[in-house]
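Structure at a glance
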Amino acid sequence: MTTHTVHPPPAGVIIPAGGSGSRFGHATPKQFLDLAGTPVLVRTCRAFLEVAAIRLVVVAVPAAHREAALALLSLHLDADALARLRVTVGGATRQDSVRAGLRELPADIGLVLVHDAARPLIDRATIERCLEATHRFGAAIAAVPVTDTLKQVDPDGRILRTVDRSGLWQAQTPQGARRNLLERASAEADRTGLVCTDEAALLEAAGIPVQVVEGSERNLKITRPGDLQVAAALLEEALPMRIGHGFDAHRLVTGRKLILGGVTIEYELGLDGHSDADVVAHALTDALLGALGLGDIGRHFPDSDPAYKGIDSLLLLTRVAQLTDERGWRLGNADLTIVCQRPRLAPHLAAMQTNLARACRVEPGAINIKATTTEKMGYTGRGEGISAHAVVLLKESAWK
């Protein structure tokens, strides 16, 4: 007898991101806060965009934050990821936001996962378990067994009884359902006025069985400031690191613009070179290539190639930063020193920092730039040239 494999329908993900920063005492919503160099919302979206079975991710945010969310995601995600992502306006409740997300999903998407924006440490294995169980059983949630002793307490803080924890599980997300079942449960809740805190409760209320799959203790929900610190520690532990050093120097000549860190500086001399001779961008580019073990800037962008004649060195840095991402690494931080007797560079360092951070797709705080002189000693001290040193720390991507 011939057996036929039933392939799952295309899957979509809805990420309700309506949380505020109130418990953090922070004006910024918690999903926009930085977590180990990358915003929480970006990490959450990235985790699902790394799963090939997921066709589309829809982020539902308050209307007031839609443009900020779009800008944030556009800054940190590449074009392929952005093509599988939509940002829509959510509602006053989680159910309203999920409903708004459902409207954004193409009609052929048959499996839907819903995931908290503030659970950025969700792993691929949990996502795939939840997807498989949703396809097989119709509805599923990730959860972990309760391991601590539970106490029921009265309003005055006195213990009433110890709760038997056997059979108790702590719900997480993602929570998934076949699309028709989720839409049916949502319509039933609208009819009865029921408001639920998660999709599993919504499905249960409609009489739809929900299968539990094993989640992860790492899949914590960031609710309070301490949670952000715990999440950062979990991300950093056991991640391999690489260090790279870059150096570049160019001669100062007449008839050239002085460009450092992408900033054009008014000065009677400029740096001579095949490109725009931006020693700061070149040193950082070389440091990244060094950490990757991929040679130097001359190997990738030779001065014998007319294509690079006069090119903006920030473009070269951007390409190497993309290569870093493709190799599964991310820039942890960079420290640069510019050696220059004249002109004075201090007023321009902040703009350089912004330019380099944008090219590397990191927060400006990950880039440190210093300027110093050699007390008129050597070629830099005599004003014959400018040099730059860069040291970078690369960390393996958490979503490699």
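The structure contained in this document is the topic of the report that follows. Keep in mind it's a predicted model, so treat the numbers as computed, not measured.

This brings us to the overall build of the protein chain. The secondary structure content of the protein chain amounts to 13 helices and 18 strands. The C-alpha extent of the protein chain, read off along each of the three principal axes, is 80 × 65 × 40 Å. Counting every position in the protein chain, which comprises 400 residues, the buried fraction comes to 48%. For the protein chain, contacts bridging at least 24 residues in sequence account for 73% of all contacts bridging at least 6. For the protein chain, the exposed area adds up to about 19,300 Å²; of that, 51% sits on carbon and sulfur atoms.

For the rest of this paragraph, the subject is the environment of Arg-319. In this fold, Arg-319 is placed in helix α11 (residues 313-326). If near-sequence neighbours (up to four positions away) are discounted, Arg-319 is found in contact with Phe-301, Tyr-308 and Ile-311.

Counting through the fold element by element, Gln-172 comes out in strand β10 (residues 169-178). C-alpha separation for the pair Gln-172 and Arg-119, spaced 53 residues apart in sequence, amounts to 8.8 Å. Each residue touching Gln-172, except ones within four places of it in the same chain, is listed here: Arg-119, Ala-142, Ala-143, Val-144, Gly-215, Ser-216 and Asn-219. There is a polar contact of 2.8 Å between the side chain of Gln-172 and the backbone oxygen of Ser-216.

Once that is clear, we can look at the packing of aromatic side chains. Across all of its chains, the model carries one aromatic pair by this definition. With a centroid separation of 5.4 Å and an interplanar angle of 85°, the aromatic rings of Phe-301 and Tyr-308 are classed as edge-to-face. Judged by its relative accessible area of 13%, Tyr-308 falls in the buried class.

Along the chain, His-250 falls in strand β12 (residues 241-253). Polar contacts involving the side chain of His-250 include one to the main-chain carbonyl oxygen of Asp-272, which spans 2.7 Å. Apart from the residues lying within four places of it in its own chain, the contact partners of His-250 are Leu-271, Asp-272, Gly-273, Ala-277, Val-279, His-282, Glu-384, Gly-385 and Ile-386.

This part covers the sheet that holds β12. Strand order across the open sheet formed by five strands is β15-β12-β18-β16-β17, with mixed pairing between neighbours. The open sheet has two free edges, formed respectively by β15 (270-271) and β17 (367-372), since each of these has just one partner strand. Relative to β17, strand β16 (residues 329-339) is paired through six bridges, and the arrangement is parallel. Residue pairing across strands places Ala-334 opposite Ile-367, the latter belonging to β17. Contacts from helix α12 (residues 349-360) reach β16 and β17, with the element oriented near 145° to β17.

Here the structure, examined in full by the defined rule, presents 17 salt bridges. The closest approach of N and O atoms between Arg-86 and Glu-104, which form a salt bridge, is 3.8 Å. Note that Arg-86 is positioned in strand β5 (residues 85-89) and Glu-104 in helix α4 (residues 94-104), a separation of 18 residues in sequence. Where Arg-342 meets Glu-268, a salt bridge forms, and the shortest distance between an N and an O atom there is 3.7 Å. Taken together, the positions of Arg-342 in the loop between β16 and α12 and Glu-268 in the loop between β14 (263-265) and β15 put the pair 74 residues apart, joining distant regions of the chain. Using a relative accessible area of 48% as the deciding quantity, one classes Arg-342 as partly exposed. On the accessibility criterion, Glu-268 (52% relative accessible area) is exposed.

Next up on the list: unusual backbone geometry. Following Thr-173, the chain continues into Pro-174 via a peptide bond in cis, with omega recorded as 15°. Looking at where Pro-174 falls in the secondary structure, it is placed in strand β10. For the bond from Arg-342 to Pro-343, the omega torsion is 0°, close enough to zero to count as cis. Position of Pro-343 relative to the elements: it lies in the loop between β16 and α12. For Ala-277, which is not glycine, the phi torsion reads 60° and is therefore positive. Residue class for Ala-277 comes out buried when judged on its relative accessible area of 0%. One non-glycine residue, Lys-376, lies in the positive phi region at around 65°.

Rules used throughout
Along every chain, residues carry numbers that run from 1 in the direction the sequence is written. Selection of residues for local features in this predicted model requires a pLDDT of at least 70, selection of side-chain atom pairs for listing and counting requires 80 or more, and totals for whole chains, interfaces and linings are taken over all residues. Processing note: side-chain calculations cover all non-hydrogen atoms of the structure and skip hydrogens and water entirely. Here a helix means four or more residues in a row that DSSP labels H or I, a strand means two or more in a row labelled E, and each is numbered from the N terminus. Only protein chains enter the accessibility calculation, which uses a 1.4 Å probe; a residue is then buried when its area is under 20% of its type maximum, exposed when over 50%, and partly exposed in between. Contact criterion: two residues are considered in contact whenever any of their non-hydrogen atoms come within 4.5 Å of each other. For accessible areas, the Shrake-Rupley method is used with a probe of radius 1.4 Å. Any residue's cover is judged against the shown protein chains and nothing else. For the purposes of these results, a polar contact is taken to be a pair of N or O atoms within 3.5 Å, where, inside protein, one atom must be able to donate a hydrogen and its partner to accept one; residues adjacent in sequence count only when each atom of the pair is a side-chain atom. Two aromatic rings, drawn from Phe, Tyr or Trp (for Trp, its six-membered ring), form a pair once their centres lie within 6.5 Å of each other, and the interplanar angle then sorts them: stacked below 30 degrees, edge-to-face above 60, tilted otherwise. Only when DSSP finds a minimum of two bridges between them are two strands counted as paired. Fitted lines through C-alpha atoms give the axes, limited to the stretch in contact for helices. The angle between two N-to-C directions lies from 0 to 180 degrees. When a carboxyl oxygen of Asp or Glu lies within 4 Å of a side-chain nitrogen of Lys or Arg, that pair is called a salt bridge.

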